Amino acid sequence: MAPSADRAWTLGDLLQGPREGEWHQVLDDGARALVICRAGRSLDEVSAVLRLLDAAVPMVLVDSLNARQSEDVIETLGATHVFERGAFHRRHGRRATSVHRDRMVTLPTAGSSGHPKYVALSAESVMGNAAAVAANLGLRDDDVGVTTLSPAYSYGLSNVLAHTLAGATMLCVDHSIASRRFWETIRDEGATSLAFAASSAPLVVTALRRSMMPRTLRRIMFAGGAVDRSLVPELYRETARVGASLHVMYGQTEAGPRIAISSPDTEPKHWGTVGTGIHGVRTRVVDSAGAEQQAGKEGRIQVASPYIMAGYSQRASDLASPRDQIDWLDTGDRGRQDATGRMWISGRADEIRKVSGYRIDLRDVREQAATVFRCSAAALTGPHLVTVCLETADRISSDQPQVTELAERLNLPAELIRIVTIPKLPRGASGKVDHVALAERTGSAVIETVEEE
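Below is a summary of the structure that appears in this document. Keep in mind it's a predicted model, so treat the numbers as computed, not measured.

Quick notes on the overall build of the chain
Now for step 1: Summing up its helical and strand segments, the chain has twelve helices and 24 strands in all.
Now for step 2: Burial status across the chain gives 54% buried among its 453 residues.
Now for step 3: Restricting the contact set of the chain to residue pairs at least 6 apart, pairs at least 24 apart contribute 68%.
Now for step 4: Accessible surface for the chain amounts to roughly 19,800 Å². Of this, 46% is attributable to carbon and sulfur atoms.

Here's what the structure looks like:
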């Protein structure tokens, strides 16, 4: 069954719309003026992104649901135009900055500090990275991808571009993946490729168990953080049971964004790997002094490729600057790789904290808490306290046995652990926990968390 025309398109369909000259006529400040593109998952919103990219119009992508972010872009980068609902809107009183061709695509990072960094990329690096992803995944012109994430997020943009460059069809679905209508739509429209945020893994496992996946499914991809390790074996087994392949992906916005993708024939002994670098990407692991580590030894992960960002744009004047010289990008992640280049990510290098003299690994706190309490967990730290936030409606007092068990697993005094329960952890559209909102809701004074992508 062919996807319906009101929800799906190919690149050829979209480029029947306005061409470069027509876009430039609208921009009275010229083709190099920065445009805010408010992007969501609908057909009109996704097509606007591709048309602007095709017309070589410099743009910064923001989530259509995040009005505050649009205002921050105007204030920080001096954007002169906003494109939404198929039309340009001029921001009067603003003087345009001429954007360098190395910085044609700007993406906010999904960090949790509340003050996003703006990552500048060239159109060539974004498209080249997407082409490498398409080749690695074996995407074909008869594939049907799904807009599970807004292209305002690097993972969502990569998903859209990889499918369109392969000549595949993209199915625009604006329903939440937690809704029945989402699963009904992708089944009815014959989706073959599904890209999910790592935080959606529990829901995907449930969908696989209940046979909610489309029979046409060929592959499932995960990125945007670490998949819960306890779910990885079942994800591989259930995906294979329905005749599809599972790909765990690794990347970050600064890298263009995709770095590595696991292969569909990953053996059980290697479950948990994010695979090897995609075409054009080199990776290495270094110690604290910057010396390259031997295979199997853990350290900081660094990346070299033609897809790496031009640099951060922290003010309007940065937009006119050419590419920064970045030979090796330090990802800020810890991990190891074997002799074949296959990588495992163990956590953020900056997720190590000192609390009352104790060394705390925030990832370990989250994983141990999720195991003990059997629910999703997040962690915040202050100088003298670890706040463990549990996604549950149950009330958990500090004297319950599970709290003692968690303290023992973490090798911490129980009095350093504060347990907070919340019916639903606040998350952004990318699926990651919004630590700023979480700190506000739980009364935590210090926020010290960073995530990839």
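A word on the sheet that holds strand β2 (residues 35-39)
Now for step 1: An order of β5-β4-β2-β3-β6-β7-β17 is seen for the seven strands of this open sheet, with the pairing classed as mixed. Edge positions in the sheet fall to β5 (87-90) and β17 (311-312), since each has one partner strand and no second.
Now for step 2: Where strand β6 (residues 105-108) meets strand β7 (residues 118-121), four bridges bridge the pair, whose relative direction is antiparallel. Note on β7: the bridge partner recorded for Leu107 is Val119.

Quick look at unusual backbone geometry
Now for step 1: Here the bond from Gly256 into Pro257 is cis, since omega is 5 degrees, no more than 30 degrees from zero.
Now for step 2: By the element assignment, Pro257 lies in the loop between β12 (245-251) and β13 (258-261).
Now for step 3: Within the chain, Ala56 stands out as a residue other than glycine whose phi angle is a positive 60 degrees.
Now for step 4: With respect to the helices, strands and loops of the structure, Ala56 is situated in the loop between α3 (43-54) and β3 (59-63).
Now for step 5: The exposure class of Ala56 is partly exposed, given its relative accessible area of 33%.

Quick notes on the sheet that holds strand β11 (residues 219-223)
Now for step 1: The strand order across the open sheet built from five strands is β10-β11-β12-β13-β14, with neighbouring strands paired in mixed fashion. Every other strand in the sheet has two partners, leaving β10 (193-197) and β14 (276-277) as the edge strands with one partner each.
Now for step 2: Pairing analysis gives five bridges linking β10 to β11, with the strands arranged parallel. Residue pairing across strands places Leu194 opposite Ile220, the latter belonging to β11.
Now for step 3: On top of the sheet, helix α5 (residues 123-137) reaches β11, β12 and β13; it is set at about 10 degrees to β13, its chief contact.

Structural notes on the pairing of β3
Now for step 1: Across the five residues of β3, five count as buried, placing the element largely inside the fold.
Now for step 2: Where burial is concerned, the two faces of β3 agree: the one with Met59, Leu61 and Asp63 and the one with Val60 and Val62 are both buried.
Now for step 3: Of the strand pairs in this sheet, β2 and β3 are connected by five bridges, and their pairing is parallel. Bridging across to β3, Ala39 finds its partner in Asp63.
Now for step 4: With two bridges connecting them, β3 and β6 associate as parallel partners. If you follow Met59 over to β6, its bridge partner there is Val105.

Topic: the packing of aromatic side chains
Now for step 1: Under the counting rule described, the total for this entry stands at four aromatic pairs.
Now for step 2: Note on Phe196 and Phe222: the rings are 6.1 Å apart at their centroids and 35 degrees apart in plane angle, and the pair reads as tilted. Placement of Phe196 in strand β10 and of Phe222 in strand β11 is noted, with a sequence separation of 26 residues between them.
Now for step 3: The buried category is assigned to Phe196, whose relative accessible area is 1%.
Now for step 4: A centroid spacing of 5.2 Å and a plane angle of 5 degrees characterise the contact between Tyr236 and Trp271, whose relative ring orientation is stacked. With Tyr236 in helix α9 (residues 232-241) and Trp271 in the loop between β13 and β14, this residue pair connects regions lying 35 residues apart in the sequence.
Now for step 5: Clustering of aromatic rings is evident, with ring pairs tying together Phe182, Trp183, Phe196 and Phe222.
Now for step 6: Residue placement shows Lys117 over the ring face of Tyr312; its charged tip is 4.8 Å from the ring centre.
Now for step 7: Arg336 extends its terminal NZ or CZ atom over the ring of Trp344, reaching a point 4.4 Å from the ring centre.

About the criteria used
Residues numbered from 1 in each chain as written. Predicted model: local features only at pLDDT ≥ 70, side-chain atom pairs only at ≥ 80, totals over all residues. Heavy atoms only, no water. Helix = DSSP H or I, 4+ residues; strand = E, 2+ residues; numbered from the N terminus. Buried < 20%, exposed > 50% of the residue type's maximum accessible area, 1.4 Å probe, protein only. Contact = heavy atoms within 4.5 Å. Areas by Shrake-Rupley, 256 points an atom, 1.4 Å probe, with all protein chains shown as cover. Pairing = 2+ DSSP bridges. Axes fitted to C-alpha atoms, helices over the stretch in contact; angles between N-to-C directions. Phe/Tyr/Trp six-rings, centres within 6.5 Å; stacked < 30°, edge-to-face > 60°. Lys NZ or Arg CZ within 6 Å of the ring centre and 35° of its normal.

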